[in-house]
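Each chain, written out:
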Amino acid sequence: MDDIAIELRGIDKSFGPVHANKNINLKVRKGTIHGIIGENGAGKSTLMSILYGFYQADSGEILVDGKAVAIRDPNAAIAAGIGMVHQHFMLVENFTVLENIMLGAEDSQILNKGIAKARVELKRLEREYALEVDPDAVIEELPVGLQQRVEILKALYRRADILILDEPTGVLTPAEADHLFRVLEQLKSQGKTVILITHKLREIMAITDEVSVMRRGEMVATRTTAETSVEELAELMVGRRVLLRVEKGEAKPGDVKLAVEELTVKDGRGVTMVDNVSFNLRAGEIVGIAGVAGNGQSELLEAISGIRRAVSGSVLLNGKPIEVTGHADPSELRDRGLAHVPEDRHHVGLVLKFEECENAILGYHHDKRYLNGVFLNIDAIRKDAEQRIAEYDIRPPNPRLKTANFSGGNQQKIVLAREMERGPDVLIIGQPTRGVDVGAIEFIHKRIIEMRDQGMAVLLVSVELDEIRALSDRILVMFAGRVVGERNPDATEGELGLLMAGVEGRKEAAE
Amino acid sequence: MDFFHVIVVLLESTIRVSVPLIFAALAGLFTERAGVFDIGLEGKMLGAAFAAGAVAAVTQSVWMGLLAAILISIALSLVHGYASITQRGNQIVSGVAINFIVAGSTVILGEAWFRQGGRTPALGEGARFQVVNLPFADSIREIPILGPIYSDLLSGHFLLTYIAFAMVPVSWWILYRTRFGLRLRAVGENPGAVDTAGISVIWLRYRAVICCGILCGFAGAYLSLAMTAGFVKGMTAGKGYIALAALIFAKWRPKNIMLACLLFGFLDALAIRLQGNPLPLIGQVPVQLMQALPYILTVILLAGFIGKAIPPKAGGVPYVKER
Ligand SMILES: Nc1ncnc2c1ncn2[C@@H]1O[C@H](COP(=O)(O)OP(=O)(O)OP(=O)(O)O)[C@@H](O)[C@H]1O
Ligand SMILES: [Mg+2]
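This is a predicted model, so every value here is computed, not measured.

The rules behind each value
Residues numbered from 1 in each chain as written. Chains lettered and ligands numbered in written order. Predicted model: local features only at pLDDT ≥ 70, side-chain atom pairs only at ≥ 80, totals over all residues. Heavy atoms only, no water. Helix = DSSP H or I, 4+ residues; strand = E, 2+ residues; numbered from the N terminus. Rg over C-alpha atoms; globule rule 2.2 N^0.38 Å. Buried < 20%, exposed > 50% of the residue type's maximum accessible area, 1.4 Å probe, protein only. Areas by Shrake-Rupley, 256 points an atom, 1.4 Å probe, with all protein chains shown as cover. Lys, Arg positive; Asp, Glu negative; His and termini not counted. Charge placed at Lys NZ, Arg CZ, Asp CG, Glu CD. Domains from an automatic or database assignment. Contact = heavy atoms within 4.5 Å. Buried area = accessible area lost by both parts, 1.4 Å probe. Salt bridge = Lys/Arg side-chain N within 4 Å of Asp/Glu carboxyl O. Polar contact = N/O pair within 3.5 Å; in protein donor to acceptor, adjacent residues only side chain to side chain. Nonpolar A, V, L, I, M, F, W, Y, C, P; charged D, E, K, R; others polar. 1 Å grid on protein atoms, 1.4 Å probe; cavity = no way out; pocket = protein on both sides within 12 Å on 5 of 7 lines; lining within 4 Å. Points joined across faces, edges and corners; volume = space filled by probe spheres on them. Pairing = 2+ DSSP bridges. Near = heavy atom within 4 Å. Axes fitted to C-alpha atoms, helices over the stretch in contact; angles between N-to-C directions.

Caption draft 1: Region of the structure containing the overall build of chain B. From N to C terminus, chain B includes twelve helices and two strands. Taken from the N to the C terminus, the helices and strands of chain B come in the order α-α-α-α-β-α-β-α-α-α-α-α-α-α. For chain B, the C-alpha radius of gyration of 20 Å lies close to 20 Å, the compact-globule estimate for 323 residues. Here the C-alpha coordinates of chain B stretch approximately 65 × 50 × 40 Å along the principal axes. Relative to its full complement of 323 residues, chain B shows a buried share of 52%. As presented, chain B carries roughly 14100 Å² of accessible surface, and 70% of it is formed by carbon and sulfur atoms. A distance of 12 Å separates the average location of the 24 positive side-chain charges in chain B from that of its 14 negative side-chain charges.

Caption draft 2: Summary view of the domain arrangement of chain A. Residues and elements named next belong to chain A. Parsing chain A into structural domains produces domain 1 (4-238) and domain 2 (256-352 + 407-510). Computed from C-alpha coordinates alone, the two centres of domain 1 and domain 2 are separated by 33 Å. In this assembly, 15 residues from domain 1 lie in contact with 15 residues from domain 2. Both sides together, the interface formed by domain 1 and domain 2 hides about 1000 Å², and carbon and sulfur atoms give 56% of it. Considering only the side of domain 1, the residues that lose the most area to domain 2 are N40, H199 and R202, jointly responsible for 43% of the buried surface there. Along the contact surface separating domain 1 from domain 2 lie two salt bridges.

Caption draft 3: Structural view of the interface of chain A and chain B. Every contact between the two is made by 31 residues of chain A and, on the other side, 24 residues of chain B. In this assembly, chain A packs against chain B so that about 2400 Å² is buried in total across both faces, 56% of it on carbon and sulfur atoms. Among the residues of chain A in contact with chain B, F54(A), L103(A) and L111(A) are the three that bury the most area, contributing 22% of the side total. Taken together, the connections running from chain A to chain B amount to three salt bridges. The salt bridge partner of K313(B) is E93(A), with a shortest N-O separation of 3.1 Å. At the surface where chain A touches chain B, the tally comes to nine residue pairs in polar contact (both at pLDDT 80 or more). Residue assignment for the side of chain A that touches chain B shows that the elements contributing at least two residues are β1 (4-15), α2 (74-79) and α4 (111-129) of chain A. Broken down by element, the side of chain A that touches chain B gets its largest block of residues, three residues, from α2(A). Tallied by class, the residues present in the side of chain A that touches chain B amount to 15 nonpolar, nine polar and seven charged.

Caption draft 4: Local environment of the layout of surface pockets. All names here are of chain A. Empty space within the second largest pocket amounts to approximately 1300 Å³. What lines the second largest pocket is a set of 44 residues, among which K200, R202, E464, L465 and D466 lie closest to the centre. At the level of elements, α6 (174-189), α7 (201-207), α15 (438-453), α16 (465-471) and α17 (493-500) are the ones that each hand at least two residues to the lining of the second largest pocket. A domain-level breakdown of the lining of the second largest pocket finds at least three residues from each of domain 1 (4-238) and domain 2 (256-352 + 407-510).

Caption draft 5: Geometry of the pairing of strand β4 (residues 59-64) of chain A. Residues and elements named next belong to chain A. For β1 and β4, the ladder comprises five bridges, and the chain directions are antiparallel. Residue pairing in the sheet places E7 in a bridge with L63 of β4. In the sheet, β4 pairs with strand β5 (residues 67-68) via two bridges, with the strands oriented antiparallel. Along β5, the bridge assignment pairs L63 with A68. What sits between β4 and β5 in their antiparallel hairpin is a turn of two residues, with D65 showing a positive phi close to 50 degrees.

Caption draft 6: Seen up close, the site of ligand 1. Near ligand 1 there are 21 residues, and of these G41(A), K44(A), S45(A), T46(A) and N405(A) occur at the shortest range. Per-site note: the chains with residues close to ligand 1 are chains A and B. G41(A) has a polar backbone atom sitting 2.8 Å from an oxygen atom of ligand 1. K44(A) has a polar side-chain atom sitting 2.9 Å from an oxygen atom of ligand 1.

Caption draft 7: A look at the sheet that holds strand β9 (residues 210-215) of chain A. Residues and elements named next belong to chain A. A sheet is described by the order of its strands in space; here six strands give the open sequence β6-β7-β8-β3-β9-β10, paired in mixed fashion. The open sheet has two free edges, formed respectively by β6 (82-85) and β10 (218-224), since each of these has just one partner strand. Direction aside, neighbouring strands of the sheet carry axes that sit 20 degrees apart on average. Bridging between strand β3 (residues 33-38) and strand β8 (residues 193-197) involves four bridges; their strand directions are parallel. Residue I36 lies in a different strand from β8, and its bridge partner there is I197. Of the strands in this sheet, β3, β6, β7 (162-166), β8, β9 and β10 touch helix α1 (residues 44-51), which is tilted by about 150 degrees from β8. Docked against the sheet, helix α5 (residues 144-157) engages β6 and β7, running at close to 175 degrees with respect to β6.

Here is the structure:
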């Protein structure tokens, strides 16, 4: 018998009307990597936050190394050897790396002594786990991948024996994710226990020893990874069979709907992010833009949708120019048939403090349907929202709930529903399934293909290569702001990977 | 009077009027850096000034007066803390409420206890602060330039004045060199980070609020025990708000706070000096304009000259874990 590092017994937790965890039992064996999967809003983060003492369970027991411990606050969890990397990082953004790592573990009242010690210890950890990061860098200036390193170092600095990672790979490039997994393997070989939450079943299969599945607040199954399959896990998660790759017929491209011509965009610091990019998008086709995050895809989307001003170039929407270098007005573009699902739904797509039904009409609020003279017609708005909720299976089905209280996947569905349902000519989507579970991914993918079949032109940007390959009719690869190649969807992953890394592209451009 | 002498006198009164601003702005620094906005500096200062005046008059002890000032100010801070930290109320509303309550109740209590139209009785020698003369101040006054600077400008202030200026580096040291300071600044930026690091957000914020109370107590005591000999109703006259402006103007940094307070103090001293004296070229300047200058300056400078003043990110927002 192996030792049990963590045992949860009968954990129950409600947030007001939302029953997030229902009588959960879980055993995690020492020295293993234990995966936890489940749909958006299944209660994974909540359960782990209870284990970490961030939330208090309404009832239930936590055993660490076989002994019942009362984890009343994160302090108690840290004392019990538990560390957690949260889904939304818990870092002080204007502090340095070192300050963030020390916070709460400073050793003495006066900082100076602690700082020297922390520096030495940090260096040791960095070397041991190959997690280099400049201790004097300010967090807000670091890319997310490095910020996550800081979070991991924070836990290791506190000598965590049990490390919880809540969706760590959602923000990482494939190479960074590989590196993270090597670190996790190393931790495991040192006898530490890792709990990994992720939506990516491939990662579960690749790295975990056991996997537990949650659905709607309940723990529905625990499997030994070697004895299960992606299909079984997906089915357990959603409660029905899921198509991991949706069916899609031949595209029947029609007229050019969007013509991008020599577009160049710079970011706030004056660095060229999009460099002389040209392409056409036709009715009834999906063009995917692949690339490692940060190679200009975001800026390209922003320029086309009128959020960011371009330096030069032109864009034609239905044959008529968009003032991309001047004052393009997103709301006017919307009226002209261009809908945009932004990459960052929290900051650009939604007002989290609004009710669901209010977000469901954001930007379309001057539509006559929703107006009563100068006033909003609340009844019409709610009825419309209810219908949309039913169609898109948004949970919980309550148009009056604050948007912040929906899980990530459901928030994404709210935005998609809003932008797709008016049948725009051109749909621009950034990262449609970031942080979204398999069930919802299937739904969203099907929907996008349906829209294409109805003659919509879809421009899709995603850092998930699988998604690009599953949906696109044509794939453009971006690297360092340029389109370095165009491929068919049957191009191999390796081929696309090389293009994305800028290797093949240079040759091609030179020819 | 030669020009040099005018300058020395002007700077001397600049220091005098800057002291309560420095105390109050540093007080605000502690709470706001911890994420609790405090528009109630004015009220706390006024309450402290009243307590100091009243207790000093009754006990004839300046120290009892100072102690009373600090205690009252801490009590008011805790009220603000209870409303905004524990009850997660609106911090602006709570601060404004404190200002109003204090403005009214000091007058009522003052009238009820002393019957002098809201004043407290004039304080005798032992019941108020005396100026401190630095060593050799008299003997070196005659040395040109340095003499007057030392003897008139630096020497001959109240003990509290020296404490105020000493508090600037002390506050800096607390905020940037101690564990408490690190945590306090962190909780004003991201309370979630503090919480998950195993530190109590609530207790930390309460401690910040108490620091604010202590410093506001000094500010109030200075007004009624040093600057004047007794409490006069409404004697803070908006100093709490000016301190708040100085705090923003200084981008929440101790050294800048001192400079901002000195600048605003200088404008104040200048306004008093110019009262009734026409300026060359410009002529008579209405005193109201001079008094409004700190605010006008804050708005203009913040609007573009000193760059963006970024407040602590979690400022004004109660920490709520479960929505
Ligand atoms: N702090 C909170 N206050 C109120 N409700 C919450 C809070 N945190 C989570 N919830 C609700 O509890 C449910 C479970 O949320 P949780 O974040 O645990 O899901 P999850 O499985 O981590 O989902 P995701 O994959 O999207 O991260 C959701 O309905 C969510 O809206
Ligand atoms: Mg989660």
